[in-house]
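Coordinate analysis (summary)
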Amino acid sequence: MSEEIVEDVVYANLKFQDSDKKEETPNSEKCGAEVSSAPSHSQHKPVLILTLLCLLLFIGLLVLGGIFYTTLKTEMIKSNQLQDIKKELQGNVSLQLMHNLNSSKKIRNLSAMLQNIATQLCRELCKKEPEHKCKPCPKGSEWYKDSCYFQLNGFETWQKSEMLCSARNASLLKIKNKNVLEFIKLKMLRSYWLWLSPRKEYAYPEIVSEKMFLSEGFEGSTRDLSGFYCGYAEGMYVYYTLCTNQKRIMCEETARKVQAESVLNDLPEGST
């Protein structure tokens, strides 16, 4: 009797457990369906947000690109305008420089013409008054072409004569151009020392010419000329004698420019 009761109790428990499993299974399936459906609905929101963000980003890039293009185009226009202004300024500067050069050239030409006129007028005034104030030479000297010639009193050796002329910012008579050669021929100078480099050997007389004065310079105060020969003018010829002998002294220096004011002040009133 007791065994039957136990079997009934066990059977009842097993049946109750089976009924509980059947009830739990549909509920779990329903919950599974609900859980699986919930994530599928929530996944749409991130996609929409990302799509919206990408769209906004694309729109922002378009706006930035437009701003950059507009700015670049504006800067290019400004750059081209600056280049045009620069070219125009360079052209104006070039024209101004050309104008200044032409003006400077005209001024130089005019100044040279006025200087020539003043020099010619001064020569005419000096013919009437040898020591006129316009004379571009020291008092007592002779003005010929572009040089001043003045004679020193007495006789001296070649070296002493050269030192005396140097002390007056002049030199012994030296044929440095055709004008000096013309002066020597015109005056027919005799026994005047010439600026020729002293030589150790005696030389025969020769016709005075411009070529013989192309010799090297000489420092008269730094050398003993005993036994050397120096040249002197004797009419149209150059003779040589010992440098320690004594001859006449003729110094020569470059004439200054004639001051136009000194000429114009002495012109008659009707000629100005």
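Located above this text is the structure these notes cover.
The shown structure was predicted, so the numbers you read here are calculated from the model rather than taken from an experiment.

1. Thoughts on the state of the cysteines
Applying the stated criterion to the full structure yields four disulfides. Across the disulfide from C122 sits C134; the S-S distance is 2.1 Å. Between C122 and C134, the disulfide has an S-S torsion of 95° and is therefore right-handed. With C122 in helix α2 (residues 44-128) and C134 in the loop between α2 and β1 (142-144), this residue pair connects regions lying twelve residues apart in the sequence. Judged by its relative accessible area of 3%, C134 is buried. The disulfide partner of C230 is C243, and the S-S distance across this bridge is 1.8 Å.

2. Considerations on the side chain of T119
Note on placement: T119 falls in helix α2. A distance of 2.8 Å separates a polar side-chain atom of T119 from the backbone oxygen of Q115.

3. A few points about the environment of A260
Relative to the helices and strands, A260 is located in helix α5 (residues 260-264). Spatially, the C-alpha atom of A260 lies 8.6 Å from that of I117, the residues being 143 residues apart in sequence.

4. Some words on the packing of aromatic side chains
Counted according to the given criterion, the structure contains six aromatic pairs. Counting every residue linked through ring pairs, the aromatic cluster contains Y144, Y149 and F183. The lysine or arginine in question, K174, covers the ring of W195, its NZ or CZ lying 4.6 Å from the ring centre. Looking at K247, its charged tip hangs above the ring of Y232, at a distance of 4.1 Å from the centre.

5. Thoughts on the environment of A118
Note that A118 resides in helix α2. Residue class for A118 comes out buried when judged on its relative accessible area of 5%. Counting along the chain gives 142 residues from A118 to A260, while the straight-line C-alpha distance between them is 5.3 Å.

6. Some points on the pattern of salt bridges
Per the stated rule, a full pass over the model turns up six salt bridges. Residue K127 pairs with E124 through a salt bridge whose shortest N-O separation is 3.5 Å. Remark: E124 and K127 occur in helix α2; sequence separation between them is three residues, near one turn of the helix. Residue class for K127 comes out exposed when judged on its relative accessible area of 64%. The salt bridge partner of R190 is E234, with a shortest N-O separation of 3.4 Å. Note that R190 is positioned in strand β4 (residues 190-193) and E234 in strand β6 (residues 229-234), a separation of 44 residues in sequence.

7. Topic: the nonpolar core
Counting 19 residues, the largest nonpolar core has Y149, L173, I184, L189, L194 and V238 as its most contacted members. If you list the elements that add at least two residues to this core, you get α4 (178-187) and β7 (237-242). It is α4 that contributes the most residues to this core, four residues altogether. In contact with L189, not counting residues within four places along its chain, are L173, F183, I184, A233, E234, G235 and M250.

What counts, and where the lines are drawn
- Residues numbered from 1 in each chain as written.
- Predicted model: local features only at pLDDT ≥ 70, side-chain atom pairs only at ≥ 80, totals over all residues.
- Heavy atoms only, no water.
- Disulfide = S-S within 2.5 Å.
- Helix = DSSP H or I, 4+ residues; strand = E, 2+ residues; numbered from the N terminus.
- Buried < 20%, exposed > 50% of the residue type's maximum accessible area, 1.4 Å probe, protein only.
- Polar contact = N/O pair within 3.5 Å; in protein donor to acceptor, adjacent residues only side chain to side chain.
- Phe/Tyr/Trp six-rings, centres within 6.5 Å; stacked < 30°, edge-to-face > 60°.
- Lys NZ or Arg CZ within 6 Å of the ring centre and 35° of its normal.
- Salt bridge = Lys/Arg side-chain N within 4 Å of Asp/Glu carboxyl O.
- Core = buried A, V, L, I, M, F, W, Y, C linked by side-chain atoms within 4.5 Å.
- Contact = heavy atoms within 4.5 Å.

As far as function goes, none of this settles anything; it's purely spatial.
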